[in-house]
Amino acid sequence: MREANFDGIVGPTHNYAGLSYGNVASQRNEGAVSHPRAAALQGLAKMAFVASLGIEQGYLPPHERPHLPTLRRLGFRGSDAALLAEVARSDPTLLARVSSASPMWTANAATVAPSRDAADGRVHFTPANLRAMFHRSIEPAVTARVLAATFPDANRFTHHEPLPAAELFGDEGAANHTRFDGPDGKGVHLFVHGRSEREPDAPRRYPARQTLNASEAVARLHGLDPSRTVFARQRADSIDAGVFHNDVIAVGAGRTLLAHEHAFAEREKTLAALRERIPGLAVVEVRMAEVPVETAVRTYLFNSQLLERPDGRLALVLPVESREDPAVASVVDRIVSDPANPIAEAHFLDVRESMRNGGGPACLRLRVPLEDAELAAVNPGSRFSPGQHATLEDWVRRRYREDLRAADLADPSLLVESRDALDELTRILGIGSVYDFQR
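Definitions and cut-offs
- One numbering rule holds for all chains: residues counted from 1, following each sequence as written.
- In keeping with the model being predicted, local features are shown solely for residues with a pLDDT of at least 70 and side-chain atom pairs are shown and tallied solely at 80 or more, while totals for entire chains, interfaces and linings include all residues.
- The basis for the side-chain values is all heavy atoms of the structure; hydrogens and waters are excluded.
- For the purposes of this entry, the term helix denotes a DSSP run of H or I that reaches at least four residues, the term strand denotes a run of E that reaches at least two, and both are numbered from the N terminus.
- For the radius of gyration, the atoms used are the C-alpha atoms, and the globule rule reads 2.2 Å times the number of residues raised to 0.38.
- Think of it in three bands: residues with accessible area under 20% of the maximum for their type are buried, residues over 50% are exposed, and the middle band is partly exposed, with areas taken using a 1.4 Å probe on protein chains only.
- Areas reported here follow the Shrake-Rupley algorithm with a probe of radius 1.4 Å; residue values treat only the protein chains shown as occluding.
- In this charge count, Lys and Arg are treated as positive and Asp and Glu as negative; neither His nor the chain ends contribute.
- By convention, charge coordinates are those of NZ in Lys, CZ in Arg, CG in Asp, or CD in Glu.
- Only Phe, Tyr and Trp rings are paired, with Trp represented by its six-membered ring, and only when their centres lie within 6.5 Å; those with planes under 30 degrees apart are stacked, over 60 edge-to-face, the remainder tilted.
- Any two strands with at least two DSSP bridges between them are considered paired.
- Inter-axis angles, ranging from 0 to 180 degrees, are taken between N-to-C directions of lines fitted to C-alpha atoms, where helices are fitted over the stretch in contact.
- Whether two residues are in contact is decided by their heavy atoms, any of which lying within 4.5 Å being enough.
- Definition of nonpolar core: a set of buried residues of the types Ala, Val, Leu, Ile, Met, Phe, Trp, Tyr and Cys, connected through side-chain atoms within 4.5 Å.
- Here is the rule for angles: anything less than 35 degrees is roughly parallel, anything more than 145 is roughly antiparallel, 65 through 115 is roughly perpendicular, and the remaining ranges are oblique.
- When residues are grouped by polarity, Ala, Val, Leu, Ile, Met, Phe, Trp, Tyr, Cys and Pro land in nonpolar, Asp, Glu, Lys and Arg in charged, and all others, Gly among them, in polar.
- A helix is expected to reach a length of 1.5 Å times the quantity of its residues less one.
- Every case where a carboxyl oxygen of Asp or Glu lies within 4 Å of a side-chain nitrogen of Lys or Arg is listed as a salt bridge.

**Q** What is the right way to look at the overall build of the protein in this model?
**A** The helix and strand tally for the protein stands at 17 helices and 15 strands. Relative to the compact-globule value of 22 Å for 439 residues, the protein shows a C-alpha radius of gyration of 20 Å, a close match. Viewed in the frame of its principal axes, the protein has a C-alpha envelope of about 60 × 45 × 40 Å. Out of the 439 residues belonging to the protein, those deemed buried represent 61%. In the structure as shown, the protein presents an accessible area of about 16200 Å², 49% of it carried by carbon and sulfur atoms. If you average the places of the 51 positive and of the 57 negative side-chain charges in the protein, the two averages end up 2 Å apart.

**Q** For this particular structure, what's the right way to read the packing of aromatic side chains?
**A** Working definition: an aromatic ring pair is given by the centre-to-centre distance plus the angle between the planes. A full pass over the atoms with the stated rule returns eight aromatic pairs. Ring geometry for Tyr59 and Phe384: centres 6.4 Å apart, planes at 35°, overall tilted. Of this pair, Tyr59 sits in strand S2 (residues 57-60) while Phe384 sits in the loop between helix H15 (372-376) and helix H16 (386-399), and the two are 325 residues apart along the sequence. Judged by its relative accessible area of 0%, Tyr59 is buried. Here Phe384 falls in the partly exposed class, since its relative accessible area comes to 24%. Ring plane angle 25° and centroid distance 5.5 Å describe the contact between Phe191 and Phe231, whose orientation is recorded as stacked. A residue pair is termed long-range when its members are at least 10 positions apart, and Phe191 in strand S7 (residues 187-193) and Phe231 in strand S8 (residues 229-233) qualify at 40 residues. A connected cluster of aromatic rings, assembled from ring pairs, spans Phe6, Phe125, Phe151 and Phe157.

**Q** Honestly, the sheet that holds strand S3 (residues 110-113) in this entry has me stumped. Any pointers?
**A** Across a sheet, paired strands are connected by hydrogen bonds in the backbone, their directions being either parallel or antiparallel. Read across the sheet, three strands follow the order S3-S4-S5 without closing on themselves; strand pairing throughout is mixed. Both edges of this open sheet fall to S3 and strand S5 (157-159), since each of them pairs with a single strand only. Neighbour-to-neighbour, the strand axes of the sheet open up by a mean angle of 15°, direction not taken into account. Note: strand S4 (residues 123-127) against S5, three bridges, orientation parallel. Looking at the pairing, Val123 lines up with Phe157 of S5. Along the sheet, helix H7 (residues 140-150) makes contact with S3, S4 and S5, crossing S4 at roughly 160°.

**Q** Hey, could you run me through the sheet that holds strand S12 (residues 305-308) in this one?
**A** Taken in spatial order, the three strands of this open sheet run S12-S13-S14, and their pairing is mixed. Each edge of the open sheet carries a strand with a single partner, namely S12 and strand S14 (343-349). Looking at each pair of strands side by side, their axes are set apart by 25° on average, direction ignored. The pairing of strand S13 (residues 314-319) with S14 spans six bridges and is classified as parallel. Looking at the pairing, Leu316 lines up with Ala346 of S14. Of the strands in this sheet, S13 and S14 are in contact with helix H13 (residues 326-337), which crosses S14 at around 145°.

**Q** Help me out: how do you make sense of the pairing of S8 in this one?
**A** Consecutive side chains of a regular strand alternate in pointing toward one face of the sheet and then the other. With four of its five residues buried, S8 lies for the most part within the structure. Direction of pairing for S7 relative to S8: parallel, over a ladder of five bridges. Residue His193 lies in a different strand from S8, and its bridge partner there is Arg233.

**Q** Mind showing me how you'd approach the nonpolar core here?
**A** Core analysis: the biggest nonpolar cluster contains 71 residues, and Phe151 and Leu370 have the highest contact counts within it. Apart from the residues within four sequence positions on either side, Phe151 is in contact with Phe6, Phe125, Phe157, His159, Val368, Leu370 and Val378. By size, the runner-up hydrophobic cluster in this structure holds 18 residues, among which are Val251, Leu306, Leu314 and Leu318.

**Q** Explanation requested: the packing of H16 against helix H17 (residues 412-429) in the structure shown.
**A** Packed helices, taken two at a time, are described by the angle between their axes plus the distance between the axes. Direction vectors running N to C along H16 and H17 enclose 175°, while the axes themselves pass 11 Å from each other. One element, H16, and the other, H17, form an angle in the roughly antiparallel class. Residue-level inspection shows Gln388, Thr391, Leu392, Trp395, Arg398 and Arg399 of H16 in contact with H17, the latter providing Asp420, Ala421, Leu422, Glu424, Leu425, Ile428 and Leu429. Partitioning the contact of H16 with H17 into residue classes produces seven nonpolar, two polar and four charged.

**Q** Any chance you could explain H16 here in plain terms?
**A** An α-helical segment advances 3.6 residues per turn. Residues three or four places apart therefore align on the same side. The end-to-end C-alpha distance of H16, which contains 14 residues, comes to 20 Å, matching closely the 20 Å that a straight helix rising 1.5 Å per residue would cover. Those residues of H16 that are buried lie in contact with helix H2 (36-52), S2 and H17.

**Q** What exactly am I supposed to notice about the pattern of salt bridges here?
**A** Side chains that carry opposite charge are capable of pairing whenever their charged atoms lie near each other. The full count for this structure, using the stated rule, is 36 salt bridges. Across the pair Glu285 and Arg267 runs a salt bridge whose closest N-O atoms are separated by 2.8 Å. Remark: Arg267 occurs in helix H10 (residues 267-277) and Glu285 occurs in strand S11 (residues 282-286); sequence separation between them is 18 residues. A salt bridge links Asp423 to Arg427, with the nearest nitrogen and oxygen atoms 3.1 Å apart. You can see Asp423 and its partner Arg427 sitting in helix H17, four residues apart, about one turn around the helix. Asp423 sits in the partly exposed class, given a relative accessible area of 28%. Residues joined in a network through salt bridges with shared partners are Glu261, Arg267, Glu268, Glu285 and Arg287.

Below you can see the structure in the form of structure tokens.
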């Protein structure tokens, strides 16, 4: 089985609106001029680098933005141009919300379980409902269509509906889920939540987005073995420091967990449960004295990709911000030079446009473990190849604006440009009509 990484292509309306409460970087850069073309090319460059490590790489398209169907559902009328002008005049924050390029962070797109772990022997996908933030709650319908078009074989892939969009079932997708290699070739699944009706100690400053009820429901839908499933809670004070998802403070792959010592509310209990289920688990911890949580959030040390190369070595792919902080750089050096853990190499990549909007390398990808026959059943145009990658880079250079300001979101020509770009993209990827304007 191979773990493929399906990255979200950054959309043409990539902008800094500061919409994600609790995401420190998102709020800090609110109102800044964004660079959609550079953002998309940075994302594509990261995908090409991951592929160069021998990792299977794929593409997931951006969503239609501004999303006029949402505005029409909210009572706005008239031509597209008139509608945009009215929303820009009466509620510019709403216009920013329906223009967000947040679907690029496909770690939140869905939770995935491989066929060897599921009771029915199929790969399972459950799109996240993302109910905590309005601008993200409009994503699930198109995400579901994109996943169904990318993984189309009903004999191999099972696509569930998103969970009910109720507070009790707040689901933020794979950003709060990690699969480890367990005994007998099957996996052990770690689900991390921020709140539960059955547990105290809620964060006080920022909202906890993932609920225990949602994680339990996804595990049931995917037919996971309860004896190979661990549910853990985030530390409330870490959420208040900006750890809005578990992948901001922990990352795992194979039989290795890289985590901050303040990742889990019940650290000893959580690590003991994982060690009990995963023989030989390597736990690489970063202490508070080495890197405070706030520094980990700012540099996204843990929002990195931990990738198993074909020769079994683990590679850590981090944002350049991690190299620029002396304390974090020192910790990374310590980790890769320690022969006692399997993390053998570290690579620092420039995804600054995504970082300024609150998402690092791990936010940009959805991990999909696939057997060889399942990989062969993936939509061919969605898989990395040098030729397809060159086509996508050319598409970005032709179709994306260099700069984008808040006022540009009301420009009707941006809507037309974006729709034309996405219409071409669906033909490049061969995924059919997944957007509302195409249907």
